[in-house]
Amino acid sequence: MDTKNVDRWSDDEVQALLSLFAEESIQQQLHGATRNDKVYACISARLGDLNIHRSSKQVREKLKKLKQDYKKIKDHNNRSGSDRKSGKWFERLDAVLGHHSYFSSSLEANDITLLEAIHDETETEESNEGNLHEFSCYC
């Protein structure tokens, strides 16, 4: 079986993910703390309620990829006057992320990679500290 196709998200799944991601309570939790594993587990559980079965790791990776794609387009559009780009999920992400300074700045690609690596290390260390099964979904 091709694992790439198993991991591929349908448009309906991405729309559901982005709807949850856009909720104010989710945004507050994601930006209010460095421990985001619980938020991703909550999003995963809420997707499960919609019959979309994705692990918290899959949720985190998909959101990371969507944000990277958004950032690339945003940076391109900030550099280019007339050659503007867009993407399938750009407008929805821009509504959520457009006001965040991280996505408005003109960081170099290496700076973004470094910030993501630090963020990923922090999440990995913190996820090893506690048991996510004891977490009650409050998002």
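Residues numbered from 1 in each chain as written. Predicted model: local features only at pLDDT ≥ 70, side-chain atom pairs only at ≥ 80, totals over all residues. Heavy atoms only, no water.

Quick notes on the side chain of Gln27
Okay, step 1: For Gln27, the position within the fold is in helix H3 (residues 24-32).
Okay, step 2: There is a polar contact of 2.6 Å between the side chain of Gln27 and the backbone oxygen of Phe21. (Helix = DSSP H or I, 4+ residues; strand = E, 2+ residues; numbered from the N terminus. Polar contact = N/O pair within 3.5 Å; in protein donor to acceptor, adjacent residues only side chain to side chain.)

Considerations on the layout of surface pockets
Okay, step 1: Looking at the second largest pocket, its volume works out to about 350 Å³.
Okay, step 2: Taken together, 13 residues make up the lining of the second largest pocket; nearest its centre are Asp7, Arg8, Trp9, Lys62 and Lys65.
Okay, step 3: With five residues, the single largest contributor to the lining of the second largest pocket is helix H5 (residues 56-79). (1 Å grid on protein atoms, 1.4 Å probe; cavity = no way out; pocket = protein on both sides within 12 Å on 5 of 7 lines; lining within 4 Å. Points joined across faces, edges and corners; volume = space filled by probe spheres on them.)

A word on the environment of Trp89
Okay, step 1: Structurally, Trp89 is set in the loop between H5 and helix H6 (90-97).
Okay, step 2: As for Trp89 and Lys67, which are separated by 22 residues in sequence, their C-alpha atoms are 9.8 Å apart.
Okay, step 3: Setting aside chain neighbours within four positions, we find Trp89 in contact with Asp11, Val14, Gln15, Leu18 and Leu66. (Contact = heavy atoms within 4.5 Å.)

So far we have only geometry, and geometry alone does not tell us how the molecule works.
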